Amino acid sequence: MKTLRDIALLYRRSFVQTFRVPVWLAISFSTPLLYLALFTPLLKSLPGGSEFPPGINVLEIFLPGILALMAFMSGASAGFSTIFELQAGYTERIRVTPASRLALLIGPILSSLTWTFFFMTMIVVVAEPFGFPIHIAGLLIAYVLLALLMVLFASFSIAVALLTKEINSFAAVVNGINLPLLLLAGILLPLELGPAWMRVIGHFNPLYYVVEGDRLLAAGHLWNTTIAEGFLVMVPLTALAVVWATRVYRRAVS
Amino acid sequence: MLEAHDLTKTFRTRKEKIEAVRGIDMEIWPGEIFGFLGPNGAGKTTTLRMLSTLLPIESGRAVVSGFDVHKSPHQVRQRIGYVSQLGGSDRLATGREDLLLQGELYGMGRREAERRADELIEVLDLAEFASRRVQSYSGGQRRRLDIALGIMHRPDVLFLDEPTTGLDPQNRANLWVQISKLREAGTTIFLTTHYLEEADALSNRLAIMDHGQLVAEGTSRQLKQQIAADSVVVSLQDDGAGPEGAMRLLQEQDFVREVSAESDHLRLYVDDGVTALPRILRLLDQNGMTIKTVTLSEPTLDDVFLRYTGRSLRDAGQPPGGKDPQ
């Protein structure tokens, strides 16, 4: 009960403060739009586009990847605020209150998640007139899968921020991990287009399962083994990351 | 109100082991301001962070407001306020919003938090800027808000870590007044500082910390009396014999507690400077030594510090910007 109240309080703080950084709002929305506007045309005229199933709109392949990218980036960048809060002494001040440690972690994450959902929805709505078919049920399940992805990487990112404590090490660690994960997930283009060895490595990347499941869900499939695999990989990993990051909050942070 | 027994903390890095706190014992009574004085790097902040649940206690035991810090951190958190050197106010929030969040995190209802916030805005004189965002505050304004955040939930004990570092003299004086007011209102305050004047002006009792240990403890008056009460600094005309003769002579006098030679002058510690001074002058004169200058000073905490650590506090710190380990 106390934990829920603390989560609500810290959620509200983060949510309200997001409005106070309009630049962040603008960039969060324009980045996926730029991908759609400036990357999709390249796909359409890709020579040997035969790799795509005939008759399918490239947006159906590409847009779910963009949604996954948004969830991933929103999660992975969560630690930047943590670094600033650490340096302003805010983290320490909040750690000395009796507030639930889980709430310290999850309150702000849920606020970012809300904003991410908002922007994802905007992108879907924008893409619809360009030929992206909206399958509501599938999309809703995809949102759940992407929420797990976002919470997983946000927890990870915040824990790394609390441990590294300063921006350079933090950025190095997070970027160093992000890039290979992104490239080996088929997030922009499916790994099926690439050689077999890429797919083999991809199977060791949790992000790969999310992207695969997410594409099927967005196409209107509600359940099959690929989607199930996505959840089977993400649920325990996310739980683990949340437990770990909460422990880091509980332990000493200078 | 607060007790610590044999508190220790060691930080280990790959290269070295830093014993930041080496066996601290102390007791703080309700309603007093306890000053914790020491140079940067003495281990003050580390001690404070252990007492306030932020850093695990490595060995030893601490009880704050009736609860063991290690076993019941939650109960301790509910009863203490902590204002770090950095403050911790929320830059994108307004001062009032920040106070409300703080109150609510301590379990106050919204109404109660609003009442308390308004009260503190009044008491700490925040009205002028409480509805603006913290990022626009001056250093002094931010510090006042930090303290308001620390006492929002009416803690039994308030920890203030170098509250006036970085403030200009006017803001410092202003803050001293506010801190004194808090004590009058019954708050027990644990204050660290590396300013002698601050420890002297604010604290009922104080402890001097150096290299992770408490080297002295008592009221400012007691500490000053423990060392020779007054000091007399005499510099002599160089007669070729050096100051040894004068030193020997003065050491034989029973009103002189201690004599030390420092570069070109002698420092004497005496019980009562006003009566000792004429005797010293007469004695040196009778022995044919010519006095160039003489100064008499009442003891300061710096003398106390010098006495217990062998260094002057003003020289003991690290370069500005140096912080206590962790």
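Cut-offs used in this document
Residues numbered from 1 in each chain as written. Chains lettered and ligands numbered in written order. Predicted model: local features only at pLDDT ≥ 70, side-chain atom pairs only at ≥ 80, totals over all residues. Heavy atoms only, no water. Helix = DSSP H or I, 4+ residues; strand = E, 2+ residues; numbered from the N terminus. Buried < 20%, exposed > 50% of the residue type's maximum accessible area, 1.4 Å probe, protein only. Contact = heavy atoms within 4.5 Å. Areas by Shrake-Rupley, 256 points an atom, 1.4 Å probe, with all protein chains shown as cover. Rg over C-alpha atoms; globule rule 2.2 N^0.38 Å. Lys, Arg positive; Asp, Glu negative; His and termini not counted. Charge placed at Lys NZ, Arg CZ, Asp CG, Glu CD. Buried area = accessible area lost by both parts, 1.4 Å probe. Salt bridge = Lys/Arg side-chain N within 4 Å of Asp/Glu carboxyl O. Polar contact = N/O pair within 3.5 Å; in protein donor to acceptor, adjacent residues only side chain to side chain. Nonpolar A, V, L, I, M, F, W, Y, C, P; charged D, E, K, R; others polar. Domains from an automatic or database assignment. Pairing = 2+ DSSP bridges. Axes fitted to C-alpha atoms, helices over the stretch in contact; angles between N-to-C directions. Expected span 1.5 Å × (residues − 1). Arc of directions from axis to C-beta.

Peer 1: I tried to follow the overall build of chain B on my own but got confused; where do I start?
Peer 2: Per the secondary structure count, chain B includes 12 helices and 14 strands. In terms of principal-axis extent, the alpha carbons of chain B reach across some 80 × 45 × 35 Å. Counting over 326 residues, chain B shows a buried share of 52%. A sequence separation of at least 24 residues applies to 69% of the contacts in chain B between residues at least 6 apart. Element-wise, carbon and sulfur atoms account for 46% of the exposed surface of chain B, whose accessible area totals about 14,800 Å².

Peer 1: Can you help me understand the overall build of chain A in this one?
Peer 2: For chain A, the count of helices and strands is 11 helices and zero strands. When its helices and strands are written in sequence order, chain A yields α-α-α-α-α-α-α-α-α-α-α. The C-alpha atoms of chain A give 19 Å as radius of gyration, which agrees with the globular expectation for 254 residues (18 Å, within 12%). Taken along the three principal axes of its C-alpha coordinates, chain A extends 60 × 35 × 35 Å. Counting over 254 residues, chain A shows a buried share of 50%. For chain A, the share of sequence-separated contacts (at least 6 apart) that also reach a separation of at least 24 residues comes to 79%. Surface accessibility of chain A: about 11,100 Å² in total, with carbon and sulfur atoms responsible for 74%. Charge centroids of chain A, computed over 15 positive and 11 negative side chains, lie 17 Å from each other.

Peer 1: Got a minute to help me understand the interface of chain A and chain B in this structure?
Peer 2: The figure often quoted for interface size is the accessible area lost as the parts come together. Each partner contributes residues to the interface: chain A has 27 residues there, and chain B has 35 residues. When chain A packs against chain B, close to 2,600 Å² is buried across both sides, 52% of that on carbon and sulfur atoms. One can count five salt bridges joining chain A with chain B. One salt bridge in this structure joins D98 of chain B and R93 of chain A, with 2.9 Å as the shortest N-O distance. Linking chain A with chain B are 16 residue pairs in polar contact (both at pLDDT 80 or more), by the criterion used here. Counting residues per element, the ones that place at least two in the side of chain A that touches chain B are α1 (2-18), α4 (78-87) and α5 (90-95) of chain A. Here the side of chain A that touches chain B takes eight residues from α1 of chain A, the largest share from any one element. Looking at the side of chain A that touches chain B residue by residue, the classes come out as 12 nonpolar, five polar and 10 charged.

Peer 1: Is there a simple way to think about the domain arrangement of chain B in this case?
Peer 2: Split by domain assignment, chain B resolves into domain 1 (2-224) and domain 2 (229-298). A C-alpha centroid distance of 43 Å is found between domain 1 of chain B and domain 2 of chain B.

Peer 1: Please explain the environment of S231 of chain B as it appears in this structure.
Peer 2: All names here are of chain B. With respect to the helices and strands, S231 occurs in strand β11 (residues 230-236). On a C-alpha basis, the gap between S231 and L296 in space is 5.9 Å, while along the polypeptide they are 65 residues apart. When residues no more than four places from it in sequence are discounted, the contact partners of S231 are R267, L268, Y269, T295, L296 and S297.

Peer 1: Is there a simple way to explain the sheet that holds β11 of chain B in this structure?
Peer 2: Two modes of strand pairing occur in sheets, parallel and antiparallel, and in both the strands are linked by backbone hydrogen bonds. Residue and element names in this part refer to chain B. The strand order β12-β13-β11-β14 describes an open sheet built from four strands, whose pairing is antiparallel. Of all the strands in the sheet, the pair left with one neighbour each is β12 (256-262) and β14 (291-297). In this sheet, neighbouring strand axes are inclined to one another by 20° on average, regardless of whether the strands run parallel or antiparallel. In this sheet, β14 lies alongside β11 in antiparallel orientation, the contact comprising six bridges. Bridged to V234 within β14 is V294.

Peer 1: So what exactly am I meant to see when it comes to helix α10 (residues 273-286) of chain B here?
Peer 2: Residues that lie three or four places apart on an α-helix share one face, since the helix turns once every 3.6 residues. All names here are of chain B. For α10, built from 14 residues, the straight-helix expectation of 20 Å at 1.5 Å per residue is met to within 8% by its first-to-last C-alpha distance of 20 Å. Regarding α10, the residues found buried are G273, A276, I280, L283 and L284. Around the axis of α10, the buried residues are gathered within 90° of arc, so they sit on the same side. In α10, the exposed residues that point more than 90 degrees away from the buried face are V274, D285 and Q286. Elements that come into contact with the buried residues of α10 comprise β11, α9 (244-251), β13 (265-270) and β14.

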